[in-house]
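Inside the fold
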Amino acid sequence: MCGIVGYVGGKQARDVVIDGLRRLEYRGYDSAGVALVSDGEIAFDKRAGKLANLEKAMEGSPLPASTTGIGHTRWATHGAPNDLNAHPHLGAKGRVALVHNGIIENFATLRDELERAGHDLVSETDTEVAAHLVEAELDRGADLTAAMQAVCRRLEGAFTLVAVDGEDPARVVAARRNSPLVVGIGEGENFLGSDVAAFIEHTREALELGQDQVVTITRSDVSVTDFDGNPAEGRRYHVDWDLSAAEKDGFDWFMRKEIFEQPRAVADALLGRHDETGALQLDEVRISDEELRDIDKIVIVGCGTAHYAGLVAKYAVEHWTRIPCEVELAHEFRYRDPILTRNTLVVAISQSGETADTLMAIRHARAQRSKVLAICNTNGSTIPRESDAVIYTHAGPEIGVASTKGFLTQLVACYLLGLYLAQVRGTKFGDEIAAVVEELQRMPGHVQQMLDEAEKVYELARGYADTRSVLFLGRHAGYPVALEGALKLKELAYIHAEGFAAGELKHGPIALIEEGLPVFCVVPPRGRDQLHDKMASAIQEIRARGARTIVLAEEGDQEVAPYADDTIPLPVVPTLLQPLVAVVPLQLFACELATVLGHDVDQPRNLAKSVTVE
Ligand code: M6R
């Protein structure tokens, strides 16, 4: 959720920290704050609202020069998003400033204890107790590193903490448990960030920290320990995203740019995953063929859009492998005592790799001895690190809060996994697998074809600015597309939207149909198991009751054309791969409608890019 930055080096810390926060603002934008160490004291400013509010305030009343600082952009958990609850929080004497991402679950007990000892806590946050506790340790003679270690030993929950000591300008100290933190290694300067976007402008050398570790950065040194002070090691890696990949490239929104990057992203997700005969080679799947052959059940977990990618995957994976496949929301899975064995493969889908619900789900699965495979976009994030195997989606940085290229590349990774399992287990012949791979290779071109028609979708969207409710219908692999179309509209345009399996209409939802209600209908390709004809009937039924139908169907589909108020043609592709193209106009529609309505498309209200609390 929240974004965190730390810096010590030779530059103006204020500028480095603000730049880092700007790149992390997608993680939360309820408030922002900066603390610097200057002349033996902490100088700070923090404001409710977006980072721009803080910057404006700092123009009028600049913070002093300093080369050591921390910053925070907040997605509120404890306490309203106001100035007082904004981070950084200070210790009792104002010697320590501290920022936090996560939830300190035992904060009420700790707060009681502090108040009984005479501490005056001024905010409603869980974070402030950590600032007071760290400062109390300094008062007892510890240095900042030892103080952080001692406090972390007492905290329960999920947290990344970053702190500075007003009397020690040479270091910034951070800690992590169940919450993300990366170190950026520079020359004569070092950085901390919730993710690499915080410092990518300055260095692409990074250090990934393990669970329950404390890191101390100075200008020239990075040292890692566990919470008991024992030396520990992080994993160094080179970041292959560059700064321009994280900029808008002339688009009005990151989301729109990311939608248009999808042909490239799909191509990258396929790159190097098969040989010239079409045989799959997934080197990152470090689970032996023997173990893969023993799998008797697959459970796919994820949240939001990632969950919908899993729903699509079920159709493909079961069809190709004949392994029973369940798909479940990660938060529901974790707390219902699911049946898992050594022969269950749990597939965790997460763009960020930091979603707390999904992380808890895989920890539970591993504790039951099940194998866990992550499908993830973020190198160095927690979910792949805690999994037995990973398929990276290679979508590049996804900054817009609404997932777009993340979704398409998750679908590609799921298809690759399904085909790989079919190859290892022999449930498909080599030439059958090669034929699907060939179809997949054509998908970047098909996605581009959808984007070439963007203007028509925008025009359509502009006509719906007064709409208060929209329905989405699909069947088979088109059903998750309907769900995803509805989610995009809810989160971006704040319009009530629901996705339904078209077959379910007559079991209730058809009662919602009234004169003029817009209904998107995702029509399966022609000629498969009567699915197409059944969908055509559903469209006629809703149109007869006054719905305004927006029909996504194969180009040249004359059977549904008479019942469409608007048509969005789709390229001719196999049913299982159709989601890759059908979802694109739904993304474009939501993006444009939200723009017309004047909403912040990249940072919709109440949301955060990475949901790192349960
Ligand atoms: O980073 P993850 O893929 O784990 O995130 C999962 C969901 O929070 C995410 O897909 C969310 O639903 C997006 N806002 C959808 O656009």
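Residues numbered from 1 in each chain as written. Predicted model: local features only at pLDDT ≥ 70, side-chain atom pairs only at ≥ 80, totals over all residues. Heavy atoms only, no water.

1. Some points on the pattern of salt bridges
Our working rule: By convention in these notes, a salt bridge is any Lys or Arg side-chain nitrogen within 4 Å of a carboxyl oxygen on Asp or Glu. Starting at the N terminus, helices and strands are each numbered in turn, a helix being any DSSP run of H or I of at least four residues and a strand any DSSP run of E of at least two.
A full pass over the atoms with the stated rule returns 43 salt bridges. Among the ionic pairs, Arg 366 bridges to Asp 388, the shortest N-O distance being 3.0 Å. With Arg 366 in helix α11 (residues 356–367) and Asp 388 in the loop between α12 (382–385) and β19 (389–392), this pair connects stretches of sequence that are 22 residues apart. Overlapping salt bridges bring together Asp 252, Arg 256, Glu 455, Arg 462 and Glu 592 as one network.

2. A closer look at the sheet that holds strand β11 (residues 205–208)
Basically, it comes down to this: Pairing between strands requires that DSSP locate at least two bridges from one strand to the other. Helix axes use the C-alpha atoms of the stretch in contact, all axes being lines fitted to C-alpha atoms, and the angles between their N-to-C directions lie in the range 0 to 180 degrees.
Pairing within the open sheet is antiparallel, and its eight strands lie in the order β3-β2-β4-β1-β10-β9-β11-β14. What marks the edges here is a single partner per strand, and that holds for β3 (41–48) and β14 (235–238). If you compare each strand with its neighbour and ignore which way they point, the axes differ by 15° on average. In this structure, strand β2 (residues 31–38) lies alongside strand β4 (residues 68–74), joined through six bridges in antiparallel fashion. Counterpart to Val 34 in the pairing with β4 is Gly 71.

3. Remarks on helix α15 (residues 454–462)
Put simply, the rule reads: Exposed residues in this analysis have more than 50% of their type's maximum accessible area, buried residues have under 20%, and partly exposed residues fall in between, with area computed by a 1.4 Å probe over protein chains only. Taking the helix axis as origin, the arc is that swept by the directions to the C-beta atoms. Any pair of residues with heavy atoms lying within 4.5 Å of one another is described as a contacting pair.
Of the residues making up α15, those classed as buried are Ala 454, Val 457, Tyr 458, Leu 460 and Ala 461. One face of α15 carries all of its buried residues, which in axial projection span an arc of 160°. Facing away from the buried side of α15 by more than 90 degrees, the exposed set consists of Lys 456 and Glu 459. Contacts made by the buried residues of α15 are with α6 (254–260), α14 (430–452), β23 (548–554), β24 (566–570) and α18 (579–596).

4. Quick word on the domain arrangement of the protein chain
The parts lose accessible area when they come together, and the size of an interface is often stated as this lost area. Under the convention used in this document: Domain limits in this description derive from either an automatic procedure or a database domain assignment.
Here the protein chain is described as being made up of domain 1 (3–250), domain 2 (258–450) and domain 3 (453–596). Taken over C-alpha atoms, the centre of domain 1 sits 45 Å from the centre of domain 3.

5. Concerning the nonpolar core
Across soluble globular proteins, nonpolar side chains have a tendency to be buried as a group. We count it as follows: Buried Ala, Val, Leu, Ile, Met, Phe, Trp, Tyr and Cys residues that are joined via side-chain atoms within 4.5 Å together make up what is termed a nonpolar core.
With 96 residues, the main nonpolar core has Ile 298 and Leu 489 as its most contacted residues. Ranked by residue count, the leading element in this core is helix α13 (residues 405–425), at 14 residues. Formed jointly, this core draws a minimum of three residues from each of two domains, domain 2 (258–450) and domain 3 (453–596). With residues near it in sequence (within four places) discarded, Ile 298 still touches Val 317, Ile 323, Pro 324, Cys 325, Glu 326, Leu 345, Val 347 and Leu 421.

6. Some points on the site of the ligand
The line we're drawing: One heavy atom within 4 Å of a molecule or strand is enough for the residue carrying it to be called near that molecule or strand. Identification of polar contacts relies on pairs of N or O atoms within 3.5 Å, with a donor-acceptor requirement for protein atoms, meaning one able to donate a hydrogen and the other able to accept it, and with residues adjacent in sequence counted only if both atoms are side-chain atoms. Each accessible area value is a Shrake-Rupley result obtained with a 1.4 Å probe; residue values ignore everything except the protein chains displayed when judging cover.
Around the ligand lies a shell of 14 residues, among which Ser 350, Gln 351, Ser 352, Thr 355 and Glu 491 are the nearest. Interatomic distance of 2.4 Å between a side-chain N/O atom of Thr 355 and an oxygen atom of the ligand. Within the backbone of Val 401, one N or O atom sits 3.4 Å away from a nitrogen atom of the ligand. Against a free-state accessible area of 420 Å², the protein chains account for coverage of 90% of the ligand.

7. Description of the layout of surface pockets
Empty space among the atoms can be located by rolling a probe the size of a water molecule over them. Going by this rule: Residues are said to line a cavity or pocket when one of their atoms sits within 4 Å of a point; the points come from a 1 Å grid over protein atoms alone, cavities being sets where a 1.4 Å probe fits but cannot get out and pockets being open sets with protein on both sides within 12 Å along at least five of seven lines. Grid points are joined across faces, edges and corners, and a volume is the space filled by probe spheres set on the points. When residues are grouped by polarity, Ala, Val, Leu, Ile, Met, Phe, Trp, Tyr, Cys and Pro land in nonpolar, Asp, Glu, Lys and Arg in charged, and all others, Gly among them, in polar.
Empty space within the largest pocket amounts to approximately 550 Å³. Surrounding the largest pocket, 27 residues form its lining, Cys 303, Gly 304, Thr 305, Lys 609 and Val 611 being those nearest its centre. Elements with a contribution of two residues or more to the lining of the largest pocket: α9 (304–321), β17 (344–350) and α16 (478–493). Considering each element in turn, the lining of the largest pocket owes the most residues, five residues, to α9. Of the residues assigned to the lining of the largest pocket, the class counts are 12 nonpolar, 10 polar and five charged.

8. What about the packing of aromatic side chains?
Working definition: an aromatic ring pair is given by the centre-to-centre distance plus the angle between the planes. Note the threshold: Within 6.5 Å between ring centres, the rings of Phe, Tyr and Trp (the latter by its six-membered ring) count as paired, and their orientation is classed by plane angle as stacked under 30 degrees, edge-to-face over 60, tilted in between. Geometrically, a charge over a ring is one whose NZ (Lys) or CZ (Arg) sits within 6 Å of the ring centre while staying within 35 degrees of the ring normal.
Tallying each qualifying case throughout the model produces eight aromatic pairs. Ring geometry for Phe 191 against Phe 199: centres 6.1 Å apart, planes inclined by 35°, an arrangement best described as tilted. Each member of the pair Phe 191 and Phe 199 is classed as buried. By the ring-pair criterion, three or more aromatic residues cluster together here, those being Tyr 464, Phe 472, Phe 520 and Phe 589. A cation over an aromatic ring shows up here: Lys 50 above the ring of Tyr 29, its NZ or CZ 5.2 Å from the ring centre. Sitting over the face of the ring of Tyr 458, Arg 256 holds its NZ or CZ atom 4.9 Å from the ring centroid.

9. Digging into the environment of Ile 375
Counting through the fold element by element, Ile 375 comes out in strand β18 (residues 371–376). By relative accessible area, which is 0% here, Ile 375 ends up buried. For the pair Ile 375 and Gln 410, spaced 35 residues apart in the sequence, the C-alpha separation amounts to 6.7 Å. The residues touching Ile 375, leaving out its near neighbours within four places in the chain, are Val 347, Ala 348, Ile 349, Ser 350, Ile 391, Thr 393, Gln 410, Ala 413 and Cys 414.

10. Re the side chain of Asn 377
Assignment of secondary structure puts Asn 377 in the loop between β18 and α12. A polar contact is formed between the side chain of Asn 377 and the side chain of Thr 393, at a distance of 3.1 Å. Reaching out from Asn 377, the side chain makes a polar contact with the backbone oxygen of Gly 396 at a distance of 2.8 Å. Setting aside residues up to four positions removed in sequence, Asn 377 forms contacts with Trp 241, Ser 350, Gln 351, Tyr 392, Thr 393, His 394, Ala 395, Gly 396 and Glu 398.

11. Let's talk about the packing of α13 against α18
The geometry of a pair of packed helices is captured by two quantities: the angle between their axes and the separation between those axes. Definition in use: In these notes the angle categories are as follows: under 35 degrees is roughly parallel, over 145 is roughly antiparallel, 65 to 115 is roughly perpendicular, and the rest is oblique.
As a packed pair, α13 and α18 sit with axes 10 Å apart at the nearest point and diverge in direction by 170°. Relative to α18, the element α13 lies roughly antiparallel. Of the residues in α18, those in contact with Phe 407, Leu 408, Leu 411, Val 412 and Tyr 415 of α13 are Pro 579, Leu 580, Val 583, Val 584 and Gln 587. Residues that form the contact of α13 with α18 fall into these classes: nine nonpolar, one polar and no charged.

12. A few points about the state of the cysteines
Definition in use: The disulfide criterion used throughout: a pair of cysteine sulfur atoms within 2.5 Å.
Taken as a whole, this structure holds zero disulfides when the rule is applied. Note on Cys 325: no disulfide assigned, nearest cysteine sulfur contributed by Cys 414 at a separation of 8.7 Å. Classification of Cys 325 by relative accessible area gives buried; the value is 2%.

13. Quick look at the sheet that holds β19
Reading across from one edge, β16-β15-β17-β18-β19 is the order of the five strands in this open sheet, with parallel pairing throughout. One side of each edge strand has no neighbouring strand; the edge strands of this open sheet are β16 (325–329) and β19. Across this sheet, the average inter-strand angle for adjacent strands is 20°, counted without regard to direction. Pairing between strand β15 (residues 297–302) and β17: five bridges, direction parallel. Within β17, the position partnered with Ile 300 by the bridge is Val 347. Of the strands in this sheet, β15, β16 and β17 are in contact with α9, which crosses β16 at around 175°.

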